Structure formats: structure tokens, C-alpha cells
Amino acid sequence: MTSIEGLSLPLSFTEGAKAEIDLAALVETHARLLFRVAHSVLRSSAEAEDVVQDAFVRVLEHRNRLNDIRDMRVWLTRIAWNLAIDRRRRIRPDQFDERFADDLAANSATPHEALHEAQRIRRVLREMERLPRAEHHILLLSAIEDLSTAEIATVLGKTESAVRALLFRARTRLRERLEKGGA
Amino acid sequence: MNNANYNANDTADTVDRVLAGLRDIEAPAGIERRILASLQQPATAYTSSARSSITSPLLWLAATAATIVAVTIWWNASRRPTHDLAIHPPITAMPSAAAPQQAADVTVSASRARKAQHTAVATQTAKNSQPEPITRPVAAATSDTLAASHPAPPLPLTEQEQLLLRILHKGDPIELASLNNDFRDRQPIRDAEDFQRFFKPPTAPHSAEATVDDQTAQQNQPDIEAQPAPEPEPNDIPQQ
């Protein structure tokens, strides 16, 4: 376990300064993407920010191996994704969906329409949760347009063709279920 | 039919709206600054409850830390009687005529005074000491910092160091000798000398014999060339 003496990192001065500079650059570059990744799972800004912080704590623990990582962006995304999935298991599935749906529907013309829109959005989120896990995950990650199919495949440990097939299947199944229930 | 189309369009629109909402969510302002600040304070946990209500959890945590330190100090002090007398006000025996309620009140007030004194000491101690770890993973990570002495962990071996260790373990004398700089620098000179020794240029007598042999070979060659051409076979002569 990497230890931290006081408030400084246990590295030599130059290595410590370099590590801190690299960490700050990583946070500046990737924090917002990781936030969107975590939020897609948790639908809560506070929880998502916690996940992002946990992800960078992991980076701090593995800072000696940062040079071995080829694709930092995908590595960080994978960490944030796994942390978000773990955290999702500990909370009620729809704990934060109501507020997310209300925020999304808030731009509707009238309060009546906003109410109906929020109900429809909540139903979509419920049906998304009911999808098979792989399809659900790919649907969430594909919503974040910053990630390419190759990156999604790396994060989820699948091939690109599998990602494309699962995404198509997820959309089709979601639409069928919603139409059957009458959105 | 129209209703079905409307429902299908409505469904697709709602799905797209949800996915767009997930895509377009903006991170809160200052997230990078907060994350970097929290990473620089490893013992500070950053929970969502703390963000929503900052003051009360911090007060609770500070009170918990102060209580723990106070109990520890009280425990240590209670094992040292002379020191105990210096800190705590002496509780004299109550007169037998005093009511039990008064005795209880005095005891309670004395204990409260002790607790207040301990809390004051503990608060001061807590301020001076490192902050208490809050979450279990953070506590585990920072437990080493609270140890008496903490040398930095050794850095992993570089590739050159690993090669050196391999040579040492193998014990090959030639490889070991090659570690010596002087030996290594003189190696090309030794190789050149070996090469010269092996491919030594021929000496003078050897060169004179070689010249004679060459002349002999050259003399033999014209005899061969002077021999008449063999007569053609009778069968080769065309008959008319």
C-alpha cells in the first residue's frame, strides 16, 4: 500500500514535483469526462464527483506505474466506470432518477407537460435498467459521445463488433419494451 | 395507426432526450480544484453528505476525534496516580450527614470538570496532531504515516540493475570480468592483437618460396599451350 507522509508524496523532490504536475494535468484533462461517465450510471452530481475523486485516488496509488499505461484516458475511464458500477449496487436503483428526470423535463413548456415528460423519462430509465447488463452498459457509455467504439470496447472488455451489435440490440429492445408498455 | 406512430415517435424522442441528457450533463464548476485539494489532504474524506451539509459532519468528526483522544489521555492519566492528583481536583470524602444527592451532584460536577479539562487538552492535541482518518480505506492508507519511523519504500530496480544482479547470480567469470572498466576498455586492443597473431603476415623465406612456385606454375603453363591440337578422328572428316 502506497503511503503518504504527512501531506507530501514520498518521492524525491524532482520526482514528487513531476508526479504532482502530472496528476494536476490528468485532473484538468480528464475530470469532466470521468464525471460524465460516472453520472451516466449514478445520475447524481454529488455521487459522480465522489467517484471521480476516488478514481484519482487510485491514480495516486498507482502513480509509479503511470509510465506503463498506454492510453491514460481509457484507463481512467475504466476505473471511473467500475467505481460507478460498484457504487450503484449500494444505492437504490431509482434513488436519483426522479431528480434527474425532473431536471430534464424542467425545460418543458408548461408544468403539466413537464410532469408528463418527467414520467416518460423515468419510465425510460427504468426500462434501461431492466435491459441485459451488457446492453445497458453499452447504451450508457455510447451516450457519452466523447468515447469512440474502440474505447468503449476496451472499457467493457469486448470487441468493437460486439459493441456495435449490442448497441443495436439495446436500442431495439428498449424501443420495443417502451412501445409495448405505451410511453 | 397514427396513434401507434405517434407513440413510436414519442418513445424514440424520449429515449433520445434521456441519452442527450446523460451526454450533455455538465460537471459542477470547480470540480478540478476540489479534487486536487482533496488529493493533497489524504486524510480528508470527501463524501456527498459533507458537500450537502458541510458543517455538521465536520463537527461530529471533530467531536469524535476529541473524545477518542480524551479517553486515551484519561486512561493514561488514571494509571499514574501522582499525575492524576495534579490534574484532577481532589475529591474529598463527603461528611456522613450530607445527602446522597449532594454527593452525586459533586461527583457529576467533578467528572464534568475533568471531562471539560480533558476535552480542552484533547482539542489542543487534536489540532496539533494529524487529522484522524475518516474512512476505512483512507485510514488504512494513512496508518503508515502514524508509525514511529517510516522509511520511503525502495524504488523498483531499473533494467541495468536487474542485469547486474543477473550477472552476479550467474557468476560467469568472463561476464564478471567485463564489469571491470579497464578490462572492458582493453578488450578491443586484445581482440586486435589476437587477430594479428592469427592472421600473421607471411615472413621473407615463405614469401621467396611462394615466388618460385608462382614462376614454376607460369613456366608449366606455356608447355601446355604449345602442345599441338589433337588430330581429328577419321569419322569427323566429312566424306564426299
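Predicted model, so just to flag it, every value in this text is computed and none were measured.

(A) Spotlight on the nonpolar core. Membership of the largest hydrophobic core comes to 65 residues, with the highest contact counts inside it found for Phe56(A), Trp81(A), Met128(A), Leu141(A), Leu22(B) and Ile35(B). Ranked by residue count, the leading element in this core is helix H1 (residues 13-42) of chain A, at 11 residues. Three or more residues apiece are contributed to this core by two domains, here domain 1 (10-88) and domain 2 (131-182) of chain A. What Leu141(A) contacts, discounting residues up to four positions off in sequence, is Val37(A), Trp81(A), Leu147(A), Ile152(A), Val155(A) and Leu156(A).

(B) How the structure looks around the packing of aromatic side chains. Under the criterion given, the structure shown has zero aromatic pairs over all chains. Across the ring face of Phe183(B), the terminal group of Arg190(B) is positioned such that the distance to the ring centre comes to 4.3 Å.

(C) Region of interest: the pattern of salt bridges. Here the structure, examined in full by the defined rule, presents 24 salt bridges over all chains. We note a salt bridge from Arg32(A) to Glu32(B), for which the minimum N-O separation is 2.9 Å. Residue Arg32(A) is found in helix H1, and its partner Glu32(B) is found in helix H2 (residues 31-40); the two belong to separate chains. Residue Glu129(A) is joined to Arg43(A) by a salt bridge in which the shortest nitrogen-to-oxygen separation is 2.9 Å. Of this pair, Glu129(A) sits in helix H5 (residues 111-130) while Arg43(A) sits in the loop between H1 and helix H2 (45-61); the two residues are 86 residues apart in sequence, bridging distant segments of the chain. Shared partners join several salt bridges into a network, and the residues in it are Arg43(A), Arg88(A), Asp97(A) and Glu129(A).

(D) Broad picture of the packing of H2(A) against helix H3 (residues 72-90) of chain A. Residues and elements named next belong to chain A. The geometry of H2 relative to H3 is characterised by a closest axis approach of 9 Å and an angle of 130 degrees between their N-to-C directions. By the angle class used here, H2 and H3 are oblique. For the element pair H2 and H3, the recorded crossing hand is right-handed. Residue-level inspection shows Glu47, Asp50, Val51, Asp54, Ala55, Phe56, Arg58 and Val59 of H2 in contact with H3, the latter providing Trp75, Leu76, Ile79, Ala80, Leu83, Ala84 and Arg87. Within the contact of H2 with H3, the residues separate by chemical class into 10 nonpolar, no polar and five charged.

What counts and how
Residues numbered from 1 in each chain as written. Chains lettered and ligands numbered in written order. Predicted model: local features only at pLDDT ≥ 70, side-chain atom pairs only at ≥ 80, totals over all residues. Heavy atoms only, no water. Core = buried A, V, L, I, M, F, W, Y, C linked by side-chain atoms within 4.5 Å. Buried < 20%, exposed > 50% of the residue type's maximum accessible area, 1.4 Å probe, protein only. Helix = DSSP H or I, 4+ residues; strand = E, 2+ residues; numbered from the N terminus. Domains from an automatic or database assignment. Contact = heavy atoms within 4.5 Å. Phe/Tyr/Trp six-rings, centres within 6.5 Å; stacked < 30°, edge-to-face > 60°. Lys NZ or Arg CZ within 6 Å of the ring centre and 35° of its normal. Salt bridge = Lys/Arg side-chain N within 4 Å of Asp/Glu carboxyl O. Axes fitted to C-alpha atoms, helices over the stretch in contact; angles between N-to-C directions. Parallel < 35°, antiparallel > 145°, perpendicular 65-115°, else oblique. Left-handed = near helix turned anticlockwise from the far one by under 90°. Nonpolar A, V, L, I, M, F, W, Y, C, P; charged D, E, K, R; others polar.

Any functional reading would require information beyond the geometric quantities listed.
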